[in-house]
Amino acid sequence: MSYLETMILGLVQGVAEFLPISSSGHLTMFQYFFGMEEPDNLLNVLLHFATLVAVCVYYWRDVTGMVYEFFLSLRALFCRKYRTQPVPEARRLVWLVVLGTLPLFLVLPIKDHVERIGGSPAVVSCVLLVTGCILFISDRMAKGKKTAATARKRDVLLVGVAQGIATVPGLSRSGTTIAAGMALGFERSFAVRYSFLMSLPAVLGATVLEVKDVVEMGGVDAGLMPKYLLGMAVAGIVGYFSIRLVNLLAAKGKFGAFAYYCWGAGALFLILSLVL
């Protein structure tokens, strides 16, 4: 894989991971129609890790507050005198993220079957059309008022289920979870923030497991590191500005504008996959 291809993969990852247009769907199409080499598992995970760093940088106040409150909550769990009322919002948010991540474990037994869907461009194109419908409907929902202080356990579990469903290639994780949050009455900016923060445990866990597997198989080829680092830099920088764009459009009620892109891209990819 060339440096240019690595940059393109980083660009696609940084844009499509956060903009609700499905990173997995676009990577599938780029590989199918342009003959791009499929990234190895380590590069794929590192690109996701770079977007995780982008989330941490953009929401650094939330992330640092959550880490701090996580350890304080563990101390309070074993020592009653450290329990505080009301519970700080950052402490509640960290446990909402943990709770919302749990439904992903239900996907693990069928992970290989879900990934096989990515081998069919026609199916991925159709799923991308479904993403467009989800986004179109999301902007027409009534504005919610729930925040980290008022969201219920059932709400975040349902958003977590939406995240599990969004592992299907072509279905946008960010678009599906943000739309689910809006449908459950989340305030728009909180729906976006929760969606991105909820991605952190899953991506971090996948990164640790993949690096562990690579080390056990003999380590990383040092000659590939410059390409990996270049792709990560592109994915991280582009990802940061993509997060800003999503927040801006969601706040203005124009989140559904991405629906037209998903419909156009899905229809084009579907036609090309049938005639080529």
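Quick note: structure is the one above.
In this text the structure is predicted, and so the values were computed from the model without any measurement.

## Some words on the environment of Val-234
Topologically, Val-234 is positioned in helix 11 (residues 225-251). For the pair formed by Val-234 and Lys-153, sequence separation is 81 residues and the distance between their alpha carbons is 36 Å.

## Focus: the state of the cysteines
In protein chemistry, a disulfide is the covalent bond that joins the sulfur atoms of two cysteines. Tallying each qualifying case throughout the model produces 0 disulfides. Unpaired in this structure, Cys-262 has its nearest cysteine sulfur neighbour in Cys-133, at a distance of 9.7 Å. Relative accessible area serves as the criterion here: at 0%, Cys-262 is assigned to the buried category.

## A short note on a nonpolar patch on the surface
Together, Leu-102, Phe-105, Leu-108 and Leu-157 line one region of the surface with nonpolar side chains, adding up to about 390 Å² of accessible area. Relative to the helices and strands, Leu-108 resides in the loop between helix 5 (89-101) and helix 6 (111-116).

## Description of the side chain of Ser-22
Among the structural elements, Ser-22 can be located in the loop between helix 1 (3-16) and helix 2 (23-34). Assessed through its relative accessible area of 1%, Ser-22 is described here as buried. Side-chain polar atoms of Ser-22 contact the backbone nitrogen of Gly-25, separated by 3.0 Å. A polar side-chain atom of Ser-22 sits 3.3 Å from the main-chain amide nitrogen of Gly-170. Not counting chain neighbours up to four residues away, the residues in contact with Ser-22 comprise Ala-16, Leu-128, Gly-170, Leu-171 and Ser-172.

## Focus on the packing of aromatic side chains
With the rule as written, the count across this model stands at 13 aromatic pairs. Aromatic pair Tyr-58 and Tyr-59: ring centres 4.9 Å apart, planes at 75°, arrangement edge-to-face. Residue classification places Tyr-59 among the buried positions, given a relative accessible area of 7%. Look at Phe-136 and Trp-263: their rings are 5.4 Å apart centre to centre, the planes differ by 45°, and that puts the pair in the tilted class. Of this pair, Phe-136 sits in helix 7 (residues 121-138) while Trp-263 sits in helix 12 (residues 257-275), and the two are 127 residues apart along the sequence. For Phe-136, a relative accessible area of 26% translates into the label partly exposed. Take Trp-263: its relative accessible area is 26%, and that puts it in the partly exposed class. Among the aromatic residues, ring-to-ring pairing joins Phe-18, Tyr-58, Tyr-59, Phe-196, Tyr-240 and Phe-241 into one connected group. Taking the ring centre of Phe-136 as reference, the NZ or CZ of Arg-140 above it sits at 3.7 Å. Looking at Lys-227, its charged tip hangs above the ring of Tyr-3, at a distance of 5.5 Å from the centre.

## Focus on the pattern of salt bridges
Taken as a whole and judged by the stated rule, the model has 5 salt bridges. Across the salt bridge formed by Arg-91 and Glu-69, the nearest N and O atoms sit 2.9 Å from each other. Within this pair, whereas Arg-91 is found in helix 5, its partner Glu-69 is found in helix 4 (residues 60-78), the two being separated by 22 residues in sequence. As far as burial versus exposure is concerned, Arg-91 and Glu-69 are alike and both buried. With its nearest N and O atoms 3.8 Å apart, the salt bridge here joins Glu-89 to Arg-193. Of the two residues, Glu-89 sits in helix 5 while Arg-193 sits in helix 10 (residues 188-216), which places them 104 residues apart along the sequence. With a relative accessible area of 16%, Arg-193 lands in the buried category. The network of salt bridges with shared partners includes Asp-62, Glu-89 and Arg-193.

About the cut-offs
Residues numbered from 1 in each chain as written. Predicted model: local features only at pLDDT ≥ 70, side-chain atom pairs only at ≥ 80, totals over all residues. Heavy atoms only, no water. Helix = DSSP H or I, 4+ residues; strand = E, 2+ residues; numbered from the N terminus. Disulfide = S-S within 2.5 Å. Buried < 20%, exposed > 50% of the residue type's maximum accessible area, 1.4 Å probe, protein only. Patch = residues over 30% accessible without salt bridge, like charges linked within 9 Å, V, L, I, M, F, W, Y side chains within 5 Å. Areas by Shrake-Rupley, 256 points an atom, 1.4 Å probe, with all protein chains shown as cover. Salt bridge = Lys/Arg side-chain N within 4 Å of Asp/Glu carboxyl O. Polar contact = N/O pair within 3.5 Å; in protein donor to acceptor, adjacent residues only side chain to side chain. Contact = heavy atoms within 4.5 Å. Phe/Tyr/Trp six-rings, centres within 6.5 Å; stacked < 30°, edge-to-face > 60°. Lys NZ or Arg CZ within 6 Å of the ring centre and 35° of its normal.

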